[in-house]
Structures are given as structure tokens and as C-alpha cells.
Amino acid sequence: MRRACTAWLLLALAAAAPAPGPAIVLASTTSVENSGLLAHILPLFTAATGIRVHVLAQGTGQALATAARGDADLVLVHDPEAEARFIAEGHGIDRREIAWNDFILVGPLADPAHVAGGHDAVAALRRIAETSAPFVSRGDASGTDALEKRLWRVAGITPSGGWYREIGGGMGQALNAAEAMGAYTLSDRGTWLAFGNKAGLGASVEGDPRLLNRYDVIRLDPRRHPAVQSGPAGRLADWLASPEGQAAIGDYRLGGTQLFHPDADAPPADSQIRSGGGC
Amino acid sequence: MAGFLPIVGLSLVVSLSATAIASLLGFALASVLALGRFRGRAALIVLVNALLGLPPVAVGLLLYLILSHAGPLGGLGLLFTPGAMILAQTVLAVPIIAALGHRALAEPWLRYGRALRSCGVGRMRSLPALFAMSRVALLTAVLAGFGRTISEVGAILVVGGNIAGYTRTMTTAIALETSKGNLGLALSLGGVLIGISVAVSTAALALTVPPGGLGRENQAG
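Remember, predicted model here, so these are calculated numbers, not experimental data. (Residues numbered from 1 in each chain as written. Chains lettered and ligands numbered in written order. Predicted model: local features only at pLDDT ≥ 70, side-chain atom pairs only at ≥ 80, totals over all residues. Heavy atoms only, no water.)

Trainee: Please set out the interface of chain A and chain B residue by residue, giving values where relevant.
Mentor: Counting residues at the interface gives 22 residues for chain A, matched by 26 residues for chain B. Counting the surface lost from both chain A and chain B, the interface buries some 1900 Å², and carbon and sulfur atoms represent 59% of this. Counting every contact that joins chain A to chain B gives 1 salt bridge. Residues Glu33 of chain A and Arg168 of chain B are paired through a salt bridge, measuring 3.5 Å at the closest nitrogen-oxygen approach. Viewed at the interface, chain B and chain A are joined by 10 residue pairs in polar contact (both at pLDDT 80 or more). Contributing elements (two or more residues each) for the side of chain A that touches chain B: helix H1 (2–16), helix H2 (30–34), strand E2 (52–58) and helix H8 (171–181) of chain A. Examining the composition of the side of chain A that touches chain B, we find that 4 residues originate from one element, H1 of chain A, more than from any other. Here the side of chain A that touches chain B is built from residues that sort into 10 nonpolar, 9 polar and 3 charged. (Contact = heavy atoms within 4.5 Å. Buried area = accessible area lost by both parts, 1.4 Å probe. Salt bridge = Lys/Arg side-chain N within 4 Å of Asp/Glu carboxyl O. Polar contact = N/O pair within 3.5 Å; in protein donor to acceptor, adjacent residues only side chain to side chain. Helix = DSSP H or I, 4+ residues; strand = E, 2+ residues; numbered from the N terminus. Nonpolar A, V, L, I, M, F, W, Y, C, P; charged D, E, K, R; others polar.)

This is the structure we're talking about:
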């Protein structure tokens, strides 16, 4: 019995004790984690610097809120308006764009609103509202949710009614819900490509310049958040923006498809987003 | 899915540690509730039973606000660590073990308390005898507490953060794989979790109840 207790104590200590070397907390959007990007690139950073990275995969709104309480060392998010507020409120400094891809409107293959194959996201949303085709909204203040709300504003529509379903969940939950309900939803391309339950869903609308999805890394202002590990966090931000980090982002492929474009590989001047499998 | 065994290991370390701590606290509280004589005892019993329905997400959020850098205990650096997860699950398990433990101790105390006292055995000295009489029911209380901790996801997701290789457990991994649309993998993880739960219960019963003793409590009593 005593031996069992000792063994247990050692096991518990091993689990609780911090491993050697510094570890920083990166509050990130779910898309870069769920798509497998961070699991691909962060080990390269850790190998190069000895700094371990603990990833909190949250929606952009929650990630910024976590960081604003001083509970993260660095944020990686994708909602330009919320990021600007975060910086204006004095929490963040040194915003850098490190990757981009695009959003797509995902919908049932049966396409009840007849929007498939289009390239105008706003026109498609109008059609969905007119036909009252089911639409799943994240409703979680994430970057994707923020863009969806902006698109509805551009369309001049305040979505409401039984067809508009706010699920208050992450991207994967929204895709699972859309699949189950035969509904449309807005998804970032990375999560969509990595998603394992596509079943009756397909990409309906893509290639609209308004669907550009940029990922920014923001450091926390050490004057506002003195407990933050500014040094190692800054090294991760620098590495993500460095040629080495940018190459790692561009190298990540899932089933032969590139999911994220490094910032250096900027979208063409007319902002026409490349679409289809090559993205 | 990489690192499967560490996930199972962390689930067990966190939940068994929380259950152990909660058992100490819960049994102490149960003894006070069953044998104590003080004002407000009835109210405390009602409160402990009411806390059986403690929502894990709310417990997680409350602890998050306390352990956050902007909160009163932020300096401990516990947030997003296994330690915070053990703390959260302990809070969830204490009312269960205390309420069921109270039930288990109150009944033999009603029946034998007077006899014990007439033999000159004090309340404190009666406890070992009561624990021995009620050990199967007390074990059920511990297993109910363990069931709560190993299966909950709401609290540890908030205070642990589901960090890969550090605070990811079976339940948070199931939630994650579901959100990635890997429903088959999520379901098989759920199967493994049930298997582990069965194994722990079986081991606990085997250690506590003599062979052939299970299911014969009525005749034995």
C-alpha cells in the first residue's frame, strides 16, 4: 500500500511539475489549431529555441479576452476590428500579419438557395435569407462570427427567424451542425479542409475578395501586463514572421493541399483570392 | 492521434488525485454531518445535497476568475496547469462524497450509536467502527465522486485549457475530436474512457469487498 502511494505521488508530481525550459501560453483561434498548422510548426520553433508553447485554442473573442486578463503571453487571431480594439485598449503591441487564407460559404450539396458555384458572398447571403434556407451562425464572437456579421450588414439584412440558427460554438461544432441540419455556414478554409465529417456538405461560394482571412500575431504590452513572459513570447512572434517560420507555415499541407499562405506570399494586388484546391 | 497514453495517464492522475483529496474532505464533512450536534446542521445537510447538482462549467468559470492573473490567486500561476484541474474536480467531487458518505454513516449511527455510547465509546472513537460497517457504501460514494471527475469536461476545459501534451485529458480530447469532425475517433475515445472507468471501479471493489461478498449485503446485514 505504501509503495503504491509513493508510486502515485511520483506520478502526480511528474504530471504537475513543469518540464525544463520556459513555456509560454499562446491564445490562438481554433482554426490554426484544429487544422493541424500549429502542431506542424511549433515543434520546429521549440527545437530551434528550447521554448515550449502551450496552445489555448479559443475563438478570437475569447482568446483576446483571455489575454486581456494577462492569462496568455501571445495571441494569434483573425479579426482585424477586434484586434484594433485590443491594441487601442492598451493590451497589445506590435501586430504582425503572419499568414492568410480565405473563408468559404459551405452548404448542403442539395443547394436549396441555389448559390453554389458563385463568387459573391453577399449576394449568396441575400439569396439564403430570401429563400429562408437554414443557416448556421457561430454566434460566439469569434473572427469567423465577426466576418459573418459584417457580411450581413453589407447585405443590408438583419438575419432572424427559424432559418437562422446561432449555435454559440466553435467552427467544428458549426460544421457538424450544418451537416446535421442541411444548412449553410461560413467557414475558414483551413478548418474546412481538415474537417472529417463533411458528408453532405460542399463549398458553395468562394473567391470573393471580402472573404480574405488574415491571421495576425500580437504581443502583450509588458507595461500593462507585467506577469507576461515578454521575452520568449517575442521570440515566437519574431520566429513566426521570420523566413524560417514563414516557410514552415507555407510548407504545411493536408492531403497535398496548402492550407495557409505565409504573409510573404501576399494575395495579388486586386485582392482576388485564389480559390479551389490550390489555395 | 499522437500521445494517446499520456492523455489517458493525465486523466487518471488528475481524476484520482481529485477523488483522493475530495474523499478526505468529503468523509470529514460526512462524519460531522452524521455524528455532529450543532446549530445549522440540517441546513448544512440540505446545502451539501443541493451542491450535488453543481454545474462543472460554472465551477470552472469561478475558479478561472480566481486563478486568473487578474484574479486574487493569480500569483500562484496555477491557471492552465494540471493542478488547477485537480482543484476544480475536487470542488465538484466533495459534495457528492460528503452527501453519500453522510447517508452511509448516518444509518449505522442511528442503529448502533446508542449501544456504542452506552459502552462508553465516544463519538470520535465510534468513527472507525462506523467506517468499517459502512465501507461498501462509502466506497460507492468514492466511486460516484470518481465517476463525476473522470467524466466531466466543463470545468477542466476552462481552467486547464485543453493544451496538447500538458492539460489534454480523455474528455477534452473527445470534445476536440468531435469539433474536428472526427466522430469515429471521438467515439472510440469514449469507449476507452468507459473501459477505464469500469477497470477502476472493479479494482476498487475487489480491494474492499471480500470475494463473493458483493451482492450479499442483505443476507449479511
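Right, picking up where we left off after that structure.
Trainee: Residue-level account of helix H6 (residues 135–151) of chain B, with values.
Mentor: Residue and element names in this part refer to chain B. The terminal C-alpha atoms of H6 lie 24 Å apart, and with 17 residues this matches the ideal 24 Å at 1.5 Å per residue to within 8%. Every buried residue belonging to H6 is among Leu138, Leu139, Ala141, Val142, Leu143, Gly145, Phe146, Thr149 and Ile150, and all of these are buried. Residues of H6 that are buried sit in contact with helix H1 (4–35), helix H4 (82–118), helix H5 (123–133), helix H8 (170–179) and helix H9 (183–208). (Expected span 1.5 Å × (residues − 1). Buried < 20%, exposed > 50% of the residue type's maximum accessible area, 1.4 Å probe, protein only.)

Trainee: Tell me about the domain arrangement of chain A, residues and numbers included.
Mentor: Interface extent is often summarised as the accessible area lost during association of the parts. Residues and elements named next belong to chain A. Partitioning chain A into structural domains gives domain 1 (20–101 + 213–262) and domain 2 (102–211). Put simply, the middle of domain 1 and the middle of domain 2, counted by C-alpha atoms, are 26 Å apart. Taken together, the contacts link 18 residues of domain 1 with 18 residues of domain 2. Both sides of the domain 1 and domain 2 interface together cover about 1200 Å² of buried area, and 57% of this is carbon and sulfur. Here domain 1 and domain 2 share 2 salt bridges between them. Between Glu81 and Arg150 there is a salt bridge, and its shortest N-O distance comes to 3.5 Å. In this assembly, domain 1 and domain 2 are joined by 2 residue pairs in polar contact (both at pLDDT 80 or more). (Domains from an automatic or database assignment.)

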